[in-house]
Amino acid sequence: MREFILYSQKGPTGPFNVKDLPGSGRVDLIARAVISALWISHKLRDNVIHISLNGPPNSPKVITITSNIRRVSPDERAIGLWINKILYGKSNPGITLRDMSFGKLIEEKINEGKNVFVLHEGGEDVLNVKDFGNPVFVVGDNIGLPDDIDGKKISIGPTSYLASQCITFLNVFLDRQSSI
Ligand SMILES: C[S@@+](CC[C@H](N)C(=O)[O-])C[C@H]1O[C@@H](n2cnc3c(N)ncnc32)[C@H](O)[C@@H]1O
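These notes cover the structure that comes with them. (Residues numbered from 1 in each chain as written. Predicted model: local features only at pLDDT ≥ 70, side-chain atom pairs only at ≥ 80, totals over all residues. Heavy atoms only, no water.)

### Focus on the overall build of the protein chain
Item 1. Helices and strands together make up the secondary structure of the protein chain, namely 4 helices and 9 strands.
Item 2. Secondary structure elements of the protein chain occur, N-terminal to C-terminal, as β-α-β-β-β-β-α-β-α-β-β-β-α.
Item 3. Here the protein chain has a C-alpha radius of gyration of 15 Å; the compact-globule value for 180 residues is 16 Å, and the two agree.
Item 4. When its C-alpha atoms are laid out on the principal axes, the protein chain stretches across 45 × 35 × 30 Å.
Item 5. Relative to its 180 residues, the protein chain shows a buried fraction of 49%.
Item 6. A separation of at least 24 residues holds for 68% of the contacts in the protein chain among residues at least 6 apart in sequence.
Item 7. Summed over its atoms, the accessible surface of the protein chain is roughly 8,900 Å², and 49% of this surface lies on carbon and sulfur atoms.
Item 8. If you average the places of the 21 positive and of the 19 negative side-chain charges in the protein chain, the two averages end up 8 Å apart. (Helix = DSSP H or I, 4+ residues; strand = E, 2+ residues; numbered from the N terminus. Rg over C-alpha atoms; globule rule 2.2 N^0.38 Å. Buried < 20%, exposed > 50% of the residue type's maximum accessible area, 1.4 Å probe, protein only. Contact = heavy atoms within 4.5 Å. Areas by Shrake-Rupley, 256 points an atom, 1.4 Å probe, with all protein chains shown as cover. Lys, Arg positive; Asp, Glu negative; His and termini not counted. Charge placed at Lys NZ, Arg CZ, Asp CG, Glu CD.)

See below:
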């Protein structure tokens, strides 16, 4: 199963203004990453995305979204609404909320035996990676990633892409290898 981690430096850790997703810690960016990680045409992928939220008022938190998500369509507003509901304490079978730091989340994945790949423009060319094993891909937001992440840095090319574009690329790339 493919897993993704999105590091969101300003992602809200309490209820926010759902009418202003970009102004609420870039929830628009988070929602696009979720769509890219989980949706294909007319159905959900068996993937998982973790969002490391590091903005006010109660950071850090991790929201995990799986294909068990219910009553959500692949549009930014709907996903933003659900992230807000979860932060308000509502439940959805495919979304969990934990008080957890980004470092602890990476540690958890390493302990689970995942291969951690850190998406970075200057990393090793993804085309040269022979075996992804059981991968978790770590992607930064518009601000980027912390420097000191345990994992192998990989690049999808010299151009700096949006986080959601990196996730889409990886999904299509791995679909075509059809191994994971
Ligand atoms: C919009 S970029 C971040 C730009 C930010 N100013 C920086 O310098 O890191 C969002 C994230 O997408 C990933 N990314 C963007 N382009 C990439 C590329 N060509 N190869 C690998 N990862 C990339 C990185 O994880 C990056 O943190």
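There's plenty left to go through after this.
### Comments concerning the pattern of salt bridges
Item 1. Summed over the entire model, instances satisfying the criterion amount to 13 salt bridges.
Item 2. When the shortest N-O distance is used, the salt bridge between aspartate 28 and arginine 32 registers 3.3 Å. On the criterion of helical spacing, the pair formed by aspartate 28 and arginine 32 is a turn pair, its members being 4 residues apart in helix 1 (residues 27-38).
Item 3. Note that arginine 32 is salt-bridged to glutamate 76, the shortest N-O span being 3.3 Å. On the criterion of sequence distance, the pair formed by arginine 32 in helix 1 and glutamate 76 in helix 2 (residues 76-88) is long-range, its members being 44 residues apart.
Item 4. By relative accessible area, which is 26% here, arginine 32 ends up partly exposed.
Item 5. Through salt bridges with shared partners, a single network forms among Glu3, Arg98, Glu108, Lys109, Glu112 and Lys114. (Salt bridge = Lys/Arg side-chain N within 4 Å of Asp/Glu carboxyl O.)

### Some points on the sheet that holds strand 8 (residues 135-140)
Item 1. Taken together, 7 strands build an open sheet; the order of strands is 6-5-4-1-8-7-9 and the sheet is mixed. Each edge of the sheet is formed by a strand with only one pairing partner; in this case those strands are strand 6 (95-98) and strand 9 (152-155). Between one strand and the next, the sheet's axes are offset by a mean angle of 30 degrees, whatever the strand orientation.
Item 2. Strand direction decides the pairing type here: strand 7 (residues 115-125) and strand 9, joined by 5 bridges, are parallel. Within strand 9, the position partnered with aspartate 125 by the bridge is serine 155.
Item 3. Across the sheet, helix 4 (residues 163-177) is in contact with strand 1 (3-8), strand 4 (48-53), strand 7 and strand 8; its angle to strand 8 comes to roughly 155 degrees. (Pairing = 2+ DSSP bridges. Axes fitted to C-alpha atoms, helices over the stretch in contact; angles between N-to-C directions.)

### Remarks on the site of the ligand
Item 1. Contacts to the ligand come from 18 residues, most closely from Leu119, Ile156, Gly157, Thr159 and Tyr161.
Item 2. A distance of 3.3 Å is found between a nitrogen atom of the ligand and a backbone nitrogen or oxygen belonging to histidine 120.
Item 3. Within the backbone of isoleucine 156, one N or O atom sits 3.0 Å away from a nitrogen atom of the ligand.
Item 4. Coverage of the ligand by the protein chains reaches 79% of its 560 Å² of free accessible surface.
Item 5. When atom positions are compared with the pocket grids, the ligand is found to occupy the largest pocket.
Item 6. Ranked by residues supplied to the shell around the ligand, first place goes to strand 7 with 3 residues.
Item 7. When its residues are assigned to classes, the shell around the ligand shows 8 nonpolar, 8 polar and 2 charged. (Near = heavy atom within 4 Å. Polar contact = N/O pair within 3.5 Å; in protein donor to acceptor, adjacent residues only side chain to side chain. 1 Å grid on protein atoms, 1.4 Å probe; cavity = no way out; pocket = protein on both sides within 12 Å on 5 of 7 lines; lining within 4 Å. Sits in = over half its atoms within 2 Å of the grid points. Nonpolar A, V, L, I, M, F, W, Y, C, P; charged D, E, K, R; others polar.)

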